[in-house]
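Coordinate inspection notes
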Amino acid sequence: MNSIVIAIDGHSSTGKSTVAKKLAKALEYKYVDTGAMYRAVTLFALRNGWIHDGEVNTSQLISYLPEVNIDFEYNAENFSNDVFLNGENVEQAIRSMEVSENVSFVAKIDEVREKLVQLQKEFGHEKGIVMDGRDIGSVVFPDAELKIFMTATAQIRAQRRFDELKSKGENIKYAEVLQNVKHRDDIDSNRKNSPLIQSDDAIKIDNSELSQEEQFNMILKLAEDRIEKA
Ligand code: DC
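This report concerns the structure included in the present document. (Residues numbered from 1 in each chain as written. Predicted model: local features only at pLDDT ≥ 70, side-chain atom pairs only at ≥ 80, totals over all residues. Heavy atoms only, no water.)

Before going further, it helps to spend a moment on the overall build of the chain. The secondary structure content of the chain amounts to nine helices and ten strands. In terms of overall size, the chain behaves like a compact globule, its C-alpha atoms giving a radius of gyration of 17 Å where 230 residues would be expected to give roughly 17 Å. Across its three principal axes, the chain shows a C-alpha extent of roughly 50 × 40 × 35 Å. When the 230 residues of the chain are sorted by exposure, 51% land in the buried category. The contacts in the chain between residues at least 6 apart in sequence include a share of 73% that link residues at least 24 apart. Positive and negative side-chain charges in the chain, numbering 29 and 39 respectively, have mean positions lying 3 Å apart. (Helix = DSSP H or I, 4+ residues; strand = E, 2+ residues; numbered from the N terminus. Rg over C-alpha atoms; globule rule 2.2 N^0.38 Å. Buried < 20%, exposed > 50% of the residue type's maximum accessible area, 1.4 Å probe, protein only. Contact = heavy atoms within 4.5 Å. Lys, Arg positive; Asp, Glu negative; His and termini not counted. Charge placed at Lys NZ, Arg CZ, Asp CG, Glu CD.)

Dropping the structure here:
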């Protein structure tokens, strides 16, 4: 059977990773969460004290970029890939509110994007991959056989993120999460390098009113169809 590239882009907290992971498992494809890569670089910068009040010490970060090693390793416990930063499993650490609040500032740095896009292209070199992010269908794999663009209202996305953070024991207010979601939308959509846009050939799915299962079945069907045609 032919292997294809599946690009899943969209706004933050739309459940891209959940559906992408499930899809990769069903198709026996590789899965790459590119948001985790931007988060890992952000964690690296935070740990070095290079981000203060949304200001990134860009020159320091750029000069140390060659020393930032990002990889994924399969975790059989949750049937998923964990992200590693210089050999350390940072899958939990990159999901903190501190990283969420700062990742957009790091993700708009040209040199960071160049490095991560290059890596992403290498990961997808042999196809048979599901990759989720913001610019996968537009920049990383403009020729992807299937492109999905996921969205939902900011309120619904904030509620989902809030529930997730609460369940992990984070002491957080809904209003704060909503503000973070809106702020990230704004930065992601308006940055000059690879802004979040829907490619003309992407299929838009607004999942505000969809269950996870309905959405998954819809995307699986689209994928099977494209695989057959490939
Ligand atoms: O999907 P996420 O929330 O984990 O992504 C974290 C941040 O990384 C988000 O603010 C946008 C950025 N990002 C990006 O600019 N390009 C990607 N391909 C993936 C994520």
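Lining the immediate environment of the ligand, one finds 16 residues, of which Arg39, Arg113, Arg134, Asp135 and Arg191 sit closest. Interatomic distance of 2.7 Å between a side-chain N/O atom of Arg39 and an oxygen atom of the ligand. Within the side chain of Arg191, one N or O atom sits 2.9 Å away from an oxygen atom of the ligand. The protein chains hide 96% of the 450 Å² of surface that the ligand would expose on its own. Listing elements by their share of the shell around the ligand, those giving two or more residues are helix H2 (34-47), helix H4 (97-107) and helix H8 (174-190). No other element matches H2, which puts four residues into the shell around the ligand. Broken down by class, the residue content of the shell around the ligand amounts to four nonpolar, four polar and eight charged. (Near = heavy atom within 4 Å. Polar contact = N/O pair within 3.5 Å; in protein donor to acceptor, adjacent residues only side chain to side chain. Areas by Shrake-Rupley, 256 points an atom, 1.4 Å probe, with all protein chains shown as cover. Nonpolar A, V, L, I, M, F, W, Y, C, P; charged D, E, K, R; others polar.)

On to the pairing of strand E1 (residues 5-10). For a regular strand, side-chain orientation follows a simple rule: the groups alternate between the two sheet faces. Burial analysis of E1 places six of its six residues in the buried class, which makes it a mostly covered element. Burial of the side chains of E1 extends over both faces: Val5, Ala7 and Asp9 are buried on one face and Ile6, Ile8 and Gly10 on the other. Here E1 pairs with strand E8 (residues 129-133) via five bridges, running parallel. Within E8, the position partnered with Ile6 by the bridge is Val130. As defined by bridge partners, E1 adjoins strand E9 (residues 146-151) across five bridges and the pair is classed as parallel. Pairing of Ile6 across the sheet is with Leu146, part of E9. (Pairing = 2+ DSSP bridges.)

Among the nonpolar cores identified, the biggest contains 42 residues, and Val41, Leu61, Ile70 and Val112 are the most heavily contacted of them. Of all elements in the fold, only E1, H2, strand E5 (70-75), strand E6 (80-85), H4, helix H5 (110-123), E8 and helix H6 (136-140) reach the threshold of two or more residues within this core. Sort the elements by how many residues they give to this core and H2 lands first, with nine residues. Beyond its immediate stretch of four places on either side in the chain, Ile70 contacts Met37, Ala40, Val41, Val83, Phe84, Leu116, Leu119 and Phe123. Formed by 20 residues, the second largest nonpolar core is a distinct cluster that contains Ile4, Leu23, Leu27 and Tyr31. (Core = buried A, V, L, I, M, F, W, Y, C linked by side-chain atoms within 4.5 Å.)

Taken in spatial order, the three strands of this open sheet run E5-E6-E7, and their pairing is antiparallel. Both outer strands of the open sheet, E5 and strand E7 (88-89), are each paired with one neighbouring strand and no more. In this structure, E6 lies alongside E7, joined through two bridges in antiparallel fashion. When the sheet's bridge partners are listed, Leu85 is paired in E7 with Glu88.

Now for helix H7 (residues 154-167). Across its 14 residues, H7 extends 20 Å between first and last C-alpha, which sits within 8% of the 20 Å expected from 1.5 Å per residue. What H7 keeps buried is the set Ala154, Arg157, Ala158, Arg161, Phe162 and Leu165. Taken around the axis of H7, the buried residues stretch over an arc of 135°, which confines them to a single face. Those residues of H7 hidden inside the fold are in contact with H2, H4 and H8. Of the residues one or two after H7, Gly169 is the one with positive phi, at around 90°. (Expected span 1.5 Å × (residues − 1). Arc of directions from axis to C-beta.)

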